[in-house]
Amino acid sequence: MTVRTGVLAAVALLVRRDLRLAFRRPSQLCNPLVFFLVVTTLFPLSLSPLASQLRDIAPGVLWVAALLSSLLALEGLLKSDAEDGTLEQMVLSGQPVVAMVAAKTLAHWFVGGLPLVVISPLAGLSLGVPPAAMWVTVEGLLMGTLTLSFLGSVGAALTVGVRRSSVLLSLLVLPLAMPLLIFGARATDLAIAGEGAAAPLYLLGALLALSATLAPFAAAAAVRIGID
Amino acid sequence: MLKVENLHLWRGERHVLRGVGFRLEPGELLHVAGANGAGKTTLLRTVAGLVQPEQGEVYWRNKLAHSLDSGYAEQLAYVAHDAALKSDLTAYENLVFMVGLRHAVADSAIGLTLAKLGVAHCANLPARALSAGQRRRVALARLLLSEAVLWILDEPLTNLDAAGGTLVLGLLDEHLAAGGLALVATHGELAIRSDRARRLELT
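All of these numbers come straight from a predicted model, not from anything done at the bench.

Student: Would you explain the overall build of chain B in this entry?
Tutor: A tally of helices and strands in chain B yields 5 helices and 9 strands. Whereas a compact globule of 203 residues would reach a radius of gyration of roughly 17 Å, chain B reaches 17 Å, a difference of no more than 12%. When the backbone C-alpha atoms are referred to their principal axes, chain B occupies close to 45 × 35 × 35 Å. Residue burial in chain B is summarised as follows: out of 203 residues, 45% are buried. Across chain B, the fraction of contacts at a sequence separation of at least 24, relative to all contacts at a separation of at least 6, is 68%.

Student: Help me understand the overall build of chain A in this model?
Tutor: On a plain count of helices and strands, chain A comes out with 11 helices and 0 strands. What you see in chain A, going N to C, is helices and strands ordered as α-α-α-α-α-α-α-α-α-α-α. For chain A, the C-alpha radius of gyration of 18 Å lies close to 17 Å, the compact-globule estimate for 228 residues. Along the three orthogonal principal directions, the C-alpha set of chain A runs to about 65 × 30 × 30 Å. Within chain A, the proportion of its 228 residues that are buried is 47%. Counting only contacts in chain A whose residues sit at least 6 apart along the sequence, the fraction spanning at least 24 positions is 82%.

Student: Sorry, what's going on with the confidence of the model for chain B here?
Tutor: A residue-level look at chain B finds 100% of positions with pLDDT of 70 or above and a mean pLDDT of 89. Here the prediction assigns the complex a pTM of 0.91, and the interface score ipTM is 0.90.

Student: Please clarify how unusual backbone geometry should be interpreted in this entry.
Tutor: The bulk of non-glycine residues show a negative phi, and the bulk of peptide bonds are trans. For A:Arg164, which is not a glycine, the phi torsion comes out positive at approximately 45 degrees. Checked against the element boundaries, A:Arg164 lands in the loop between helix H8 (131-158) and helix H9 (166-176).

Student: Is there a simple way to explain the sheet that holds strand E5 (residues 63-64) of chain B in this structure?
Tutor: Each strand in a sheet pairs with its neighbour through backbone hydrogen bonds, running either in the same direction (parallel) or in the opposite one (antiparallel). Residues and elements named next belong to chain B. Ordered in space as E2-E1-E4-E5, the 4 strands form an open sheet in which the pairing is antiparallel. Looking at the sheet topology across the chains shown, the edges are occupied by strand E2 (14-24) and E5. Pairing analysis gives 8 bridges linking strand E1 (residues 2-11) to E2, with the strands arranged antiparallel. Directly across from Leu 2, in E2, lies its bridge partner Leu 24. Sheet strands touched by helix H1 (residues 40-48): E1, E2 and strand E4 (55-60). Its angle to E2, the strand with the most contacts, is close to 55 degrees.

Student: Please clarify how the environment of A:Val11 should be interpreted in this entry.
Tutor: Residues and elements named next belong to chain A. In this fold, Val 11 is placed in helix H1 (residues 7-24). In the structure, Val 11 is positioned 184 residues away from Glu 195 in sequence and 40 Å away in space, judged by C-alpha atoms. Setting aside chain neighbours within four positions, we find Val 11 in contact with Ala 99 and Ala 103.

Student: Where do I start with the pairing of E4(B) in this structure?
Tutor: Residues and elements named next belong to chain B. In terms of strand pairing, E1 meets E4 through 5 bridges, oriented antiparallel. Within E4, the residue paired with Val 4 across the bridge is Val 58. Bridge count between E4 and E5: 2 bridges; the pairing is antiparallel. Paired with Trp 60 across the strands is Lys 63, a residue of E5. Hairpin connection, E4 to E5: the antiparallel pair is bridged by 2 residues, and Arg 61 has positive phi, about 45 degrees.

Student: Before we go on, may I ask you to explain the packing of H8(A) against helix H11 (residues 198-226) of chain A in this structure?
Tutor: Helix-helix packing is characterised by the crossing angle of the two axes and by the distance between the axes. Residues and elements named next belong to chain A. For the pair H8 and H11, the least separation of the axes is 7 Å and the interaxial angle reads 20 degrees. Classified by the interaxial angle, the pair formed by H8 and H11 is roughly parallel. For the crossing formed where H8 meets H11, the hand is left-handed.

Student: It is not clear to me how the interface of chain B and chain A should be interpreted in this structure. Could you clarify?
Tutor: Across the boundary between the two partners, chain B contributes 24 residues, which contact 23 residues of chain A. Secondary-structure elements contributing two or more residues to the side of chain B that touches chain A are strand E6 (76-79) and helix H2 (91-100) of chain B. Looking at the side of chain B that touches chain A residue by residue, the classes come out as 14 nonpolar, 4 polar and 6 charged.

About the cut-offs
Residues numbered from 1 in each chain as written. Chains lettered and ligands numbered in written order. Predicted model: local features only at pLDDT ≥ 70, side-chain atom pairs only at ≥ 80, totals over all residues. Helix = DSSP H or I, 4+ residues; strand = E, 2+ residues; numbered from the N terminus. Rg over C-alpha atoms; globule rule 2.2 N^0.38 Å. Buried ≥ 20, exposed ≤ 12 C-beta atoms within 10 Å, placed from the backbone. Contact = placed C-beta atoms within 7 Å. pLDDT = per-residue confidence, 0-100. Pairing = 2+ DSSP bridges. Axes fitted to C-alpha atoms, helices over the stretch in contact; angles between N-to-C directions. Parallel < 35°, antiparallel > 145°, perpendicular 65-115°, else oblique. Left-handed = near helix turned anticlockwise from the far one by under 90°. Nonpolar A, V, L, I, M, F, W, Y, C, P; charged D, E, K, R; others polar.

Spelled out as structure tokens, the structure:
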């Protein structure tokens, strides 16, 4: 008698598969990362290298750049699976679609979001963020990029059947990401000023909890419609 | 075992499925025939549960197929036009993932099935290096490994050479003899031995 695969095992299988696929295409893996670094270094070049001025704009620049570079990779979250028919096979596998979508989102964050968080101190340094404020920025971005991936999964699922969907996807996701930007940038801002940044960080955590628990359901429903 | 009742589906202005209904019992095959655009794929996708019909129901063992306790998805395998392989993964990796989502699968079983379908030498090639016929054979390996009771096959003979065609018909005969069900769409003839094959003409 064969043993049915449990949901957690299926999620692990899917995450492993997506990571393997990502590492087979290392160039696509690096693109958002390089984009993030380039955008953040453009600002000191174009405005002024004055440390005090850079410090003022650093929170906004870091967060907007992180937001945009996460968006870059978002289109591929479900599209390639939808195009080659593996997405509908996942839907037919008998595993809950919610779990499949959540697994894909997690894998997407591991290759698209987590690297951004890891190199963000470097970008912060080039913008004159004091080392003391770096930890808050990393914490904020950790929650922020994960929230973005979950929010983005809904957008990606909604546009799965649409050709050339990147602009539409941005239009769908960016407005939803505004609270994230506000609290994230505020946290970095407070940390740079040497004040306690706990409040905006808690709010970021709340947004993460909200999106991680609700977004997969919305995305799963959208996937079902999208493969119709 | 599988009962499809009065399916209606519109695609824009076009009434594609107009009250399609049939029953399938263990060991039976339904050959869905019809011209291009007659709605063969749409019917198959609707029965598989990928498309929601506007009217009509699909029953599996006297339960609504899309109800949670029907166990329908676990007993169904669908092979579409394209082979549903990730082109960056090898044939073997594709199968480990796709079959693994359903149930535990031994490496030896994958090797044996690939050999049975004549693509054992392709196991460690990325799927993008395979020909259309080889991809189709790997997709059929997934079908066999899924151990599904109900096979839904969309044009299973396309891209296959003569030997491949015979192989598929042989597999279908074996499946039906073992008490399986099959729903097969082709625009041509389906020369299978079983006498429990019926034909549904879509117009």
